[in-house]
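The lines below spell out each chain.
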Amino acid sequence: MEDKIIIDADICIKLGGSDKYRFLYDILPLISNEIYMHTHAHGEVMMPSSAVSQLKDLISEGKVVLVNESELDSQRRAIYDAAYNNLAKVMKNPKKPNKNKGEMCSLAYAKATGIPIFATDESELQPIIDTQLNTGIDDISCIRIVDIVMKARNGEIVVPRKVAKALWVVARKSKERFDSEIWPVE
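Bear in mind that the values here come from a model prediction, so they are computed numbers and not experimental data.

Cut-offs used in this document
Residues numbered from 1 in each chain as written. Predicted model: local features only at pLDDT ≥ 70, side-chain atom pairs only at ≥ 80, totals over all residues. Heavy atoms only, no water. Helix = DSSP H or I, 4+ residues; strand = E, 2+ residues; numbered from the N terminus. Rg over C-alpha atoms; globule rule 2.2 N^0.38 Å. Buried < 20%, exposed > 50% of the residue type's maximum accessible area, 1.4 Å probe, protein only. Contact = heavy atoms within 4.5 Å. Lys, Arg positive; Asp, Glu negative; His and termini not counted. Charge placed at Lys NZ, Arg CZ, Asp CG, Glu CD. Pairing = 2+ DSSP bridges. Axes fitted to C-alpha atoms, helices over the stretch in contact; angles between N-to-C directions. Expected span 1.5 Å × (residues − 1).

(A) Seen up close, the overall build of the chain. What the chain contains, in helices and strands, is 10 helices and 5 strands. In summary, the chain has a C-alpha radius of gyration of 16 Å against a globular reference of 16 Å for 186 residues, a match within 12%. Along the three orthogonal principal directions, the C-alpha set of the chain runs to about 55 × 35 × 35 Å. With 186 residues in all, the chain has 44% of them scored as buried. Sequence separation of 24 or more characterises 71% of the internal contacts of the chain that already satisfy a separation of 6 or more. When the 25 positive and 27 negative side-chain charges of the chain are each reduced to one mean point, those points stand 5 Å apart.

(B) Examining the sheet that holds strand β4 (residues 117-119) more closely. Read from one edge of the open sheet, 5 strands run β3-β2-β1-β4-β5, paired in parallel fashion. Only two strands of the sheet have a single neighbouring strand rather than two, namely β3 (65-67) and β5 (141-143). Between one strand and the next, the sheet's axes are offset by a mean angle of 35°, whatever the strand orientation. The pairing of strand β1 (residues 2-7) with strand β2 (residues 32-38) spans 5 bridges and is classified as parallel. Residue isoleucine 7 lies in a different strand from β2, and its bridge partner there is methionine 37.

(C) Fine view of helix α6 (residues 101-113). Between the first and last C-alpha of α6 there are 18 Å, a value that for 13 residues agrees with the 18 Å anticipated at 1.5 Å per step. The element α6 is largely enclosed, with a buried count of 12 among its 13 residues. Among the residues of α6, Gly102, Glu103, Met104, Cys105, Ser106, Leu107, Ala108, Tyr109, Ala110, Lys111, Ala112 and Thr113 are the ones counted as buried. Downstream of α6 by one or two residues, glycine 114 has phi in the positive range, about 80°.

Structural measurements only, silent on function.
In structure tokens:
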């Protein structure tokens, strides 16, 4: 289990996408002791209603804490601003000004406050983090749904195989590959 993570909207939308299974609500607390979410990323979770509902429950129960840069002291705010500007150089899209903003806000907040894990399902984000933010001090790593499944398979978190397989499918991965390579039935 991680000490603390910050979560992105996309992982909430994917994990929370089912009315039948409350993966977002059930799985996130298994991953980390402290879970943070930037208010901008939170605002991006507008549907499906099941994801909105599960996230609302996590927040109301204090399992997810909403944060933003306005609460930072001047030193941390300077780190936040520098990190945000570094990310904006490569992630900002002038035609879509809010595209990637949740990721940029979340990652800048993580850098400023020493949160080492960014829970997202963006597959191309780690190289950007490595070049724009990671310096060997307070480095940030991404954890994706497939990584959560691997933690379950390796016994790092308690998630039954059946649930892990459903998460694998939520991540748009092959059931056949799960059964043959990832977590074969013994």
